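Structural overview
Now for the letters of each chain:
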Amino acid sequence: MAYFIDYKSSFELEHSNGSGLRKCQLGAIWALKSHFTTSSNEIASLVSMPTGSGKTALMMAACFELKLNKVLIVVPSKILRGQICEQFKTLKVLKDNGCLKNDAPELKVYEVTKRQNSREQWTDILNEHDVIVSHPNSISPYFKDVEPVPVDLIDAILIDEAHHEPAETWRKINEFYSDLKRVFFTATPFRRDRKRMKAKLAYHYSIDRALEDGIMREVNFCKEKAGIQNTDEALIGSAIDTFHEEREKNANASILIRTDSIDDSVNLARLYNEKGLVVDYIHSKRSSKVNSQIVNKVRNNELDGLVCVGIASEGLDIPNLKVAVLHATPRSIPYTIQFLGRISRQPDGQVGNAILIANEDEVKGEVYKLYKSDETWGKLIPQLVDEQMSRARHYKSSQAKEEDFQMPELNVFFSALVYETPNDFAFENAEEISSKSPFEILRIEQQKEDSPLIIVTSHDKPLEWANREIHVEDLLDVHLLYYHSESNLLFELTTSEKALFSFKKELIKFELRRLPHSRLYKILSQFNQSDYIMVGMKNAVSQGASQPSYKTVIGSGVQASVRASEGRIFSTGHALLKIDIDRTWGLATKKGRVWAMKRGTSEEYKVWCDSLADLILNGPQAITLPGLSFLAKSEPINRIEELPIAIIPNDLFFRSFSTIIQISEGEPIRNIIPEIKPIELDEENDELLCQLKIGEFECDLNMNLQRERIWNIISDEVILVRADKSEKEVIEKSLEDILNEFYSSLIMPNGEVVEGRNKITPNRSIEILPSQIWKVKDWTGCNIRAERYDDNPPIGNIPVINKTIEFIRQNFNGGSDVLILDDGSHEIADLIWFQNQSKQVHFIHCKASHGDNPGRRKADADILFTQAMRSIHWVSSISLIDRLKERIQGNSRLLDTTQATWEALADNYKINEWNFNIILPQPGFDISQVSDRNRDNNNIYELAIPMYERILGSLASLEIWGS
């Protein structure tokens, strides 16, 4: 019995009277026939076609055209296994297309539902059947207790959804049957992990062509902004509304709901059913029979849809699927394309594009561009597939998990994060530690008690530390941890922080502290500083868009290239010093890192760390790097000595182009910078007591430099933050973790800045404020005790903001200027005034007086000066216009400005054409008093100096309006 040979005469590839196969299917058949006439069976052939373009019919036709006898088909799921069996039995799709005569008998197909134990069993099965369909777990030689289908009993292997092939269970199948014809079929001939399939691409039919030929329909992406906590309810509401709309246009439309755990699938099915839909769930723990029954019910519209888990959706053949919902968003392009294929095929009788609903706020990884873009997915997906295809063929495995693999000798680049440890430090049960998925510990070794502890982990990452070249798929990172007991210092080297963190807390139970800048500087302080070849300067005072957060000077004569005036803003970020002909060392202050331009073995690394420890132990602490004393000075502190005048959150919140803060089950709060207000110093407990405000939410917050985690939020609420710094860098952590990793800046009354446990003292050059910053205004008719804007203010008694607007109107050009009232929670400023002709942006912060008469009250300055310093982040910010657009759509509004004028300015706004000015109207200031530096107890003047220095450093100007 050889069905495909015996009934070849009943098969016609290009049938003239029937509908026939599609062009892409014919093209793939011709490509396969060509491949097997010119290539040996040693390399499998690969056919890449989008989901829904007819891979199953292609497999059937290939069996006839290649004149196959006995065929093994391998599929990735039980659900797909059952589908393929049913379709191959009847060969209905070939008969419907007119390629196979209707009187051709059914094909004998065997579905492998359990492992076989002997060759005899397989012989009996193949005597009765022409096709075997199996999941790899039932036939892969990877499993020692499995009897694979004997090679001599079959003559071809067809592997569906072949992007799984690089996995070991699949790869062993490919290797075992290397003498047979093997054809791989997939919609995505690449993987997220860039593992290469061992196959030659014989035919690729692009998504672009499939859309053009009408085989696929475009997918409309319905962006749901559901936040980053408890998102199911919002997605369900959007999905049900969309589904009912589609049912009105397409009576047979069905919905596919994707999640990533079995428990979630059961729960989601319940939630959807409670909302009125009729759905069921499929997953690997349910029997093939039950899963198949559910799929058939969806096909026949007996169910509205189904919930699937992970790859259970692969290969689902339900043509009437129209809407898909992602409760767990895939992070890889290949899986995303596989999933979209379920809804993008174009069935007869349906109109309109398919619809995908997902939570934009949870998107990460390589799909970021796809979900964040406003371009049609019909354009983007083909583009991304082409990008992936171009990268997909250049990787090999290091075979690190093979039994005969020889670990290369370590040849590490000398680099170390240096930590201070307690006296009783020791590693915890180093031989017994385990890592968290997806990392696997392959080797742990320590030659002697005082040698570095070496841990090698496996992960998908290029190998950079071996002394011979190895290109990788899934392999290795190295981690060296060396404890220098005499100095109580720990030296840490890793090629992957994520891999290290997967086991670090299990290995180290002690509190570690970053090495203070003053101890770090000692490493280079004993050498000749004339040979710096690189100096990096960190903006320590004036964080904001107008000044870079970092500047680097490279080359000879570096010190001469760094201006002394930069010490008002910048402190040491990193430095690279050529010590002698053989030694070039560097250090970086951000995390306390030291490095050398050298590679070596673990024992050579230990010797280098010993020399660093000696340098750190010897000599006095330094507050700057020698030769760079004009930069802002840094020294360690262990307590806060006085109440800060302001606390400015880390630049992370200002420079990220999108931020989300979600508090427990509340609505997500977007693009708002948390406010941290210093309240008082608890000197007995060395704590700075603060108030945290995020929108309407308020809670206590304290800072204690004696603790390992210096910031502590006093609240039972779960506060999560997502900050999108770029497409590839998305930070998602609790707010408390953010505060303890990305330190806020404490602005002290004397102009010093505290970041974490370091106090930074700028190289101050200002002692006298310029007289032009002080402006006397006539506040007649103003209630100086009232601040907030009033649409209908009492005549002769108007609030401060209304009076400030009267001052602005004296120079306001109604034809081109823009005035925005932004008074409210997390404002950029109370008023933002764009003077278009002079290209001047004014950030105006108004405050009411604490007294009936002007004076020099410190209370009149505290919040006002803090707001002024927060404005620095918006000076020359690329996000300013976008953020104002968002706020105008909310509670902010245009004053004396038409929408057309605002849109014209926004559309033509170019940062480098504009100057920035910060205006502080405070009628409670008596200018003659507060501007007098020599007046006794003039706190306003002293507090204005550090504020003015920060504003000047941001390249903005300052005006203080008083009485």
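Residues numbered from 1 in each chain as written. Predicted model: local features only at pLDDT ≥ 70, side-chain atom pairs only at ≥ 80, totals over all residues. Heavy atoms only, no water.

In the nomenclature of an unreviewed UniProt entry, the protein is known as DEAD/DEAH box helicase of Ancylomarina salipaludis.

Here we come to the nonpolar core. In this structure, W711, F834, F843, F865, W902 and M947 are the most contacted members of the largest nonpolar core, which totals 89 residues. No other element matches the eight residues that helix 28 (residues 939-953) contributes to this core. Taken domain by domain, the makeup of this core includes at least three residues from each of domain 5 (637-761) and domain 6 (771-961). F865 has contacts with L920, F925, I940, L943, A944 and M947, leaving out every residue within four places of it along the chain. Ranked by size, the runner-up nonpolar core spans 49 residues in total, among them A28, L100, V133 and I207. (Core = buried A, V, L, I, M, F, W, Y, C linked by side-chain atoms within 4.5 Å. Buried < 20%, exposed > 50% of the residue type's maximum accessible area, 1.4 Å probe, protein only. Helix = DSSP H or I, 4+ residues; strand = E, 2+ residues; numbered from the N terminus. Domains from an automatic or database assignment. Contact = heavy atoms within 4.5 Å.)

This brings us to unusual backbone geometry. When glycine is set aside, most residues are seen to have a negative phi, and most peptide bonds are trans. The residue N301 is not glycine, and still its phi comes out positive at about 60 degrees. Of note, N301 is situated in the loop between helix 12 (288-299) and strand 11 (305-309). Look at S876: it is not a glycine, yet its phi comes out positive at around 60 degrees. The topology assignment puts S876 in the loop between helix 24 (862-871) and helix 25 (880-889). Looking at S876, the relative accessible area reads 19%, which means it is buried.

What follows deals with the pairing of strand 27 (residues 658-663). Two faces belong to every sheet, and in a regular strand the side chains alternate between them. Taken across its six residues, strand 27 has six buried, putting it largely inside the fold. Summarising the sheet, strand 27 and strand 33 (residues 719-724) pair through six bridges and their orientation is antiparallel. Residue pairing in the sheet places I660 in a bridge with R722 of strand 33. In the sheet, strand 27 pairs with strand 28 (residues 669-670) via two bridges, with the strands oriented antiparallel. By the bridge assignment for strand 28, I661 is matched with I669. Adjacent in sequence and paired antiparallel, strand 27 and strand 28 are bridged by five residues, among which S664 carries a positive phi angle near 50 degrees. (Pairing = 2+ DSSP bridges.)

Quick look at the layout of surface pockets now. There is about 1400 Å³ of room inside the second largest pocket. In terms of lining residues, the second largest pocket is bounded by 46 residues, among which Q87, V93, D317, P319 and R345 are the most central. Of all the elements in the fold, those that place two or more residues in the lining of the second largest pocket are helix 3 (55-65), helix 4 (78-90), helix 5 (92-96) and helix 12. Per element, the largest residue contribution to the lining of the second largest pocket is eight residues, and it comes from helix 4. Tallied by class, the residues present in the lining of the second largest pocket amount to 12 nonpolar, 21 polar and 13 charged. (1 Å grid on protein atoms, 1.4 Å probe; cavity = no way out; pocket = protein on both sides within 12 Å on 5 of 7 lines; lining within 4 Å. Points joined across faces, edges and corners; volume = space filled by probe spheres on them. Nonpolar A, V, L, I, M, F, W, Y, C, P; charged D, E, K, R; others polar.)

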